[in-house]
Amino acid sequence: MSSKHTTAECVDPEGSSKRRRVAPYQKNACLRLDFHTHILPKSLPDFKKQFGYGDDWVMFDHDQEKVKVKGNCRMMKNNSFFREIEPNCWDVDARIADMDRDGIDVQVLCTVPVMFSYWAEPQHTAIVSKFLNDDLATEIKKYPKRFIGLGTVPMNDPVLAAEELRRCVKDLKFPGVQIGSHINSWNLDSPELNPFWKEAEELGAVIFIHPWDMELRGRHEKHWLPWLVGMPYETCHAVVCCLLGGVLERFPKLKLCFAHGAGSFPFTIGRIEHGYNCRPDLCATASKHPPKYYLGKFHTDSIVHGQDALRCLVSTIGVDQIVMGSDYPFPLGEVTGSAEGVYPGVYVDKADFLDAPQKAKVFAENALALLGLDLKDFIQE
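First things first, this report covers the structure right here in the doc. (Residues numbered from 1 in each chain as written. Predicted model: local features only at pLDDT ≥ 70, side-chain atom pairs only at ≥ 80, totals over all residues. Heavy atoms only, no water.)

## Here's the deal with the nonpolar core
In step 1: One finds Ile 179, Phe 196, Trp 197, Leu 256, Phe 265 and Phe 298 to be the most contacted residues of the largest nonpolar core, which totals 67 residues.
In step 2: Sort the elements by how many residues they give to this core and helix α6 (residues 225-244) lands first, with seven residues.
In step 3: Beyond its immediate chain neighbours, meaning those up to four positions away, Leu 256 contacts Trp 197, Ile 207, Ile 209, Cys 242, Leu 248, Phe 298 and His 299.
In step 4: Grouped together as the second largest cluster of nonpolar side chains are 22 residues, Val 106, Val 206, Cys 257 and Leu 375 included. (Core = buried A, V, L, I, M, F, W, Y, C linked by side-chain atoms within 4.5 Å. Buried < 20%, exposed > 50% of the residue type's maximum accessible area, 1.4 Å probe, protein only. Helix = DSSP H or I, 4+ residues; strand = E, 2+ residues; numbered from the N terminus. Contact = heavy atoms within 4.5 Å.)

What follows is the structure in structure tokens.
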């Protein structure tokens, strides 16, 4: 669909827009689309029993005698506690209530990376992917003006991944999928992934790249280091593999969006560019163009947790390439209640270096253009 629109049209100078609700702490009334949120089904099959192997299949335990907070659910792996999650992780009505509280008009929904299941037999990962995608499509149909879906695909078999991507786009009407920052031993520039990249380019599908499978042991066991340091590294690693590895050279029309503001990439692009120039024998072996050539040719979300970091992201990536994201409903994201004064889009709201039209781009225009969707399909009358 056409993306010729402007969310600035949503601004009502008197603060009485009929098109949307505005949370009291927000500074403007442009449409707000949260590109980075996660969702899970309420229940999962017993995949270990179904497939006959594996200790890493996730199960949900809704036994209210075991949870710390009533209404919550315990995520289990190999019958051991993994994480406790709140109802807004699977209940779209609870999610809608939070969105209304936060003034979020639309969320892009994708699974939690622990569900990727790339470690399993590819045909089984494909079954899990189809289950998650079908469940996601069912939930979106309940509120089609509030939710957009990004599916998941069995990237451990790129041919199967291409097939499921095609089904997501053609049958389920998702504009794209979410994948991990690496696929087992494959980096994103591994030639094995070419069938998937080719299909994504031909379909015009958005590929949202999310960090996952960080090192958890040894020196990384303390201080939540896999999430605080490992995730930014993983995302930067994925970006650099796509640039130096020639992914965007081979498939120049790919629509890539990297989570968490591309991780540490915006701050280290100078070092990466210098490496390309001073050691072409090591860094310029798969790409004819230096890394900075590709700036403006991919997107990132805005989750960088501070004004200085956001300024660096805008300066490096460009305001037209950034989409607002929160990582809802998890506390390390921009989630209301996770820390004092935090809510989805807080640092974009506070950015005195962005004017109103630029903020309107980050809050929704860029995302709608990237996804190939139209503003009119999401306006609440």
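On we go.
## Structural notes on unusual backbone geometry
In step 1: In this chain, Tyr 328 is followed by Pro 329 through a cis amide linkage whose omega measures 5°.
In step 2: Mapped onto the elements of the fold, Pro 329 is located in the loop between β11 (322-323) and α11 (346-350).
In step 3: Despite not being glycine, Asn 78 shows a phi value in the positive range, around 55°.
In step 4: Secondary-structure assignment places Asn 78 in the loop between β3 (73-77) and β4 (80-85).

## Focus on α6
In step 1: The terminal C-alpha atoms of α6, which comprises 20 residues, lie 27 Å apart, in line with the 28 Å expected from a rise of 1.5 Å per residue.
In step 2: Along α6, the helix axis deviates most sharply at Met 231, where the bend reaches about 30°; the proline Pro 232 sits within four residues downstream.
In step 3: Of the residues flanking the end of α6, it is Gly 246, one or two places downstream, whose phi is positive at about 80°. (Expected span 1.5 Å × (residues − 1). Bend = angle between axes of the 7 residues up to and from the residue.)

## Some details on the packing of aromatic side chains
In step 1: All chains considered together, the criterion is met by 17 aromatic pairs.
In step 2: With a centroid separation of 6.1 Å and 70° between ring planes, the pair formed by Phe 265 and Phe 298 is classed as edge-to-face. You can see Phe 265 sitting in helix α8 (residues 265-278) and its partner Phe 298 sitting in the loop between α9 (280-283) and β10 (299-301), a full 33 residues away along the chain. Taken as a pair, Phe 265 and Phe 298 share a single burial class, namely buried.
In step 3: On the basis of an interplanar angle of 90° and a centroid distance of 5.0 Å, the ring pair of Tyr 293 and Tyr 294 is categorised as edge-to-face.
In step 4: On the basis of relative accessible area, Tyr 293 is assigned to the partly exposed category, the value being 39%.
In step 5: The rings of Phe 47, Phe 51, Tyr 53, Trp 57, Trp 119 and Phe 131 are connected pair by pair, giving a single aromatic cluster.
In step 6: Positioned above the aromatic ring of Phe 363, the side-chain terminus of Arg 32 is 3.9 Å from the ring centre.
In step 7: Looking at Lys 77, its charged tip hangs above the ring of Phe 82, at a distance of 5.0 Å from the centre. (Phe/Tyr/Trp six-rings, centres within 6.5 Å; stacked < 30°, edge-to-face > 60°. Lys NZ or Arg CZ within 6 Å of the ring centre and 35° of its normal.)

## Notes on the packing of α6 against α8
In step 1: Remark: α6 packs on α8, axes separated minimally by 11 Å, with the N-to-C direction vectors making an angle of 35°. Relative to α8, α6 is oriented so that their crossing is right-handed. Across the interface between the two elements, Cys 236, Val 239, Val 240, Leu 243 and Leu 244 from α6 touch Phe 265, Thr 268, Ile 272 and Tyr 276 from α8.
In step 2: For the contact of α6 with α8, the residue count by class is eight nonpolar, one polar and no charged. (Axes fitted to C-alpha atoms, helices over the stretch in contact; angles between N-to-C directions. Left-handed = near helix turned anticlockwise from the far one by under 90°. Nonpolar A, V, L, I, M, F, W, Y, C, P; charged D, E, K, R; others polar.)

## Regarding the packing of α8 against helix α10 (residues 307-317)
In step 1: The interhelical angle for the contact between α8 and α10, taken along N-to-C directions, is 50°, at an axis separation of 9 Å. Between α8 and α10, the angle falls in the class oblique. Contacts between α8 and α10 involve Phe 265, Pro 266, Phe 267 and Ile 269 from the former and Cys 312, Leu 313, Thr 316 and Ile 317 from the latter. (Parallel < 35°, antiparallel > 145°, perpendicular 65-115°, else oblique.)

## Considerations on the sheet that holds strand β6 (residues 147-152)
In step 1: With parallel pairing, eight strands are arranged side by side in an open sheet as β1-β5-β6-β7-β8-β9-β10-β11. Sheet topology places β1 (33-38) and β11 at the edges, where each strand pairs with a single neighbour.
In step 2: Where β6 and strand β7 (residues 176-180) come together, three bridges link them in parallel fashion. Note on β7: the bridge partner recorded for Thr 152 is Gln 178.
In step 3: Each of β5 (106-110) and β6 touches helix α3 (residues 122-142); the most contacted strand, β6, lies at about 175° to it. (Pairing = 2+ DSSP bridges.)

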